[in-house]
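One-letter residues, chain by chain:
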Amino acid sequence: VIKATNEWESVPCATAQFNDILCESDNFKMYYTVSFIAHPDNFTSEMDRFIFTESDMPTSTNLTVYGATVQDKAFQCRDADRFSLNASHDRIGVSFDENCVVNFVGPMKDVDYARLLQGVLFHGQQWRRDVLRFAYIYWTNPSIR
């Protein structure tokens, strides 16, 4: 656990319990942590599709966005599911990338994040899937993700 003085504090894992997961800080500690996500050509799957279109994005309000999360629904997540990018921005990095979730970081305008999210591809298997649903959220507070 990080203390208010930005130092590590040891917490016994056997007794520590966190009911809610919330990252909070006074400044933007995570931006540009990682700026890599697998290239779309590295995947061969039954289903490759862009998950967001321009009409899925909100109308730009020149809002500063500090990060975004993209995910597919937990009940439909499979081990082989992956996201990749067909778009990028030099000032937006990837802080977390797992099979069903990817977190982007970097303070940019909503229009820049909209372009990036329109370039997110989903790779997965079609087996026993009638409808796939995806979601994104913009993080508009620099201290909370």
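Before going into details, it helps to say that this report is about the structure given with it. (Residues numbered from 1 in each chain as written. Predicted model: local features only at pLDDT ≥ 70, side-chain atom pairs only at ≥ 80, totals over all residues. Heavy atoms only, no water.)

### What about the sheet that holds strand β3 (residues 82–85)?
What counts is decided by this rule: For two strands to count as paired, DSSP must find a minimum of two bridges between them. Numbering of helices and strands runs from the N terminus; a helix is a DSSP stretch of H or I covering at least four residues, while a strand is a stretch of E covering at least two. To obtain each axis, a line is fitted to C-alpha atoms, and for helices this fit is confined to the stretch in contact; angles are then taken between N-to-C directions over 0 to 180 degrees.
Pairing is antiparallel in the open sheet, where three strands are placed in the order β1-β6-β3. Two strands close off the open sheet at either side, each with one partner strand: β1 (47–50) and β3. Along the sheet, successive strands turn relative to each other by an average axial angle of 25 degrees, direction set aside. One ladder, built from four bridges, connects β3 with strand β6 (residues 120–124); its direction is antiparallel. In the sheet register, Arg 82 faces β6, and the bridge partner there is His 123.

### Quick look at the side chain of Thr 69
For clarity, the threshold we go by: Residues adjacent in sequence count toward polar contacts only when both atoms are side-chain atoms; beyond that, a polar contact is any pair of N or O atoms within 3.5 Å, and within protein one must be able to donate a hydrogen and the other to accept it. Note on definitions: a residue-residue contact is assigned when non-hydrogen atoms from the two residues lie within 4.5 Å.
By secondary structure assignment, the location of Thr 69 is in strand β2 (residues 64–72). A polar atom in the side chain of Thr 69 sits 2.8 Å from the side chain of Asn 103. Of note is the side chain of Thr 69, whose polar atom sits 2.9 Å from the side chain of Trp 139. With near-sequence residues (within four places) excluded, Thr 69 lies in contact with Val 101, Val 102, Asn 103, Ala 135, Tyr 136, Ile 137 and Trp 139.

### Quick word on the nonpolar core
Spelled out, the test is: To define a nonpolar core, start from buried Ala, Val, Leu, Ile, Met, Phe, Trp, Tyr and Cys residues and group those joined through side-chain atoms within 4.5 Å. We call a residue buried when its accessible area falls under 20% of the maximum for its residue type, exposed when it is over 50%, and partly exposed in between, using a 1.4 Å probe and counting protein chains only.
Counting 23 residues, the largest nonpolar core has Val 70 and Phe 104 as the members making the most contacts within it. Counting residues per element, the ones that place at least two in this core are β2, β3, β5 (101–109), α1 (110–117), β6 and β7 (134–139). Residue contributions to this core peak at four residues, all from α1. In contact with Val 70, other than residues within four places in its own chain, are Ile 51, Phe 52, Phe 83, Cys 100, Val 101, Val 102, Phe 104, Leu 117, Val 120, Ala 135 and Tyr 136.

### Considering the state of the cysteines
To be explicit about the condition: Working definition: a disulfide is two cysteine sulfur atoms within 2.5 Å of each other.
Within this structure, the stated rule accounts for one disulfide. Sulfur-sulfur distance for the disulfide between Cys 77 and Cys 100 comes to 1.6 Å. On the sign convention where negative is left-handed, the bridge of Cys 77 and Cys 100, at about 85 degrees about the S-S bond, is right-handed. Separated by 23 residues along the polypeptide, Cys 77 in the loop between β2 and β3 and Cys 100 in the loop between β4 (93–98) and β5 bring together distant segments of the chain. We classify Cys 77 as partly exposed; its relative accessible area is 26%.

### Focus on the pairing of β4
Note: β4 against β5, five bridges, orientation antiparallel. Bridge pairing links Asp 97 to Val 102 in β5. Between β4 and the antiparallel strand that follows it, β5, lie two residues.

### Here's the deal with the packing of aromatic side chains
Under the convention used in this document: Stacked, tilted and edge-to-face are the three classes applied to pairs of Phe, Tyr and Trp rings, where Trp contributes its six-membered ring and a pair requires centres within 6.5 Å; stacked means planes under 30 degrees apart, edge-to-face means over 60, and tilted covers the rest.
A complete count under the given rule lists six aromatic pairs for this structure. Both rings, one in Phe 83 and one in Phe 134, keep their centres 6.1 Å apart while their planes meet at 70 degrees; by these two values the pair is edge-to-face. On the criterion of sequence distance, the pair formed by Phe 83 in strand β3 and Phe 134 in strand β7 is long-range, its members being 51 residues apart. With respect to class, Phe 83 is no different from Phe 134; both count as buried. Here a set of aromatic residues connected by ring pairs shows up, and it is made of Phe 52, Tyr 113, Tyr 136 and Tyr 138.

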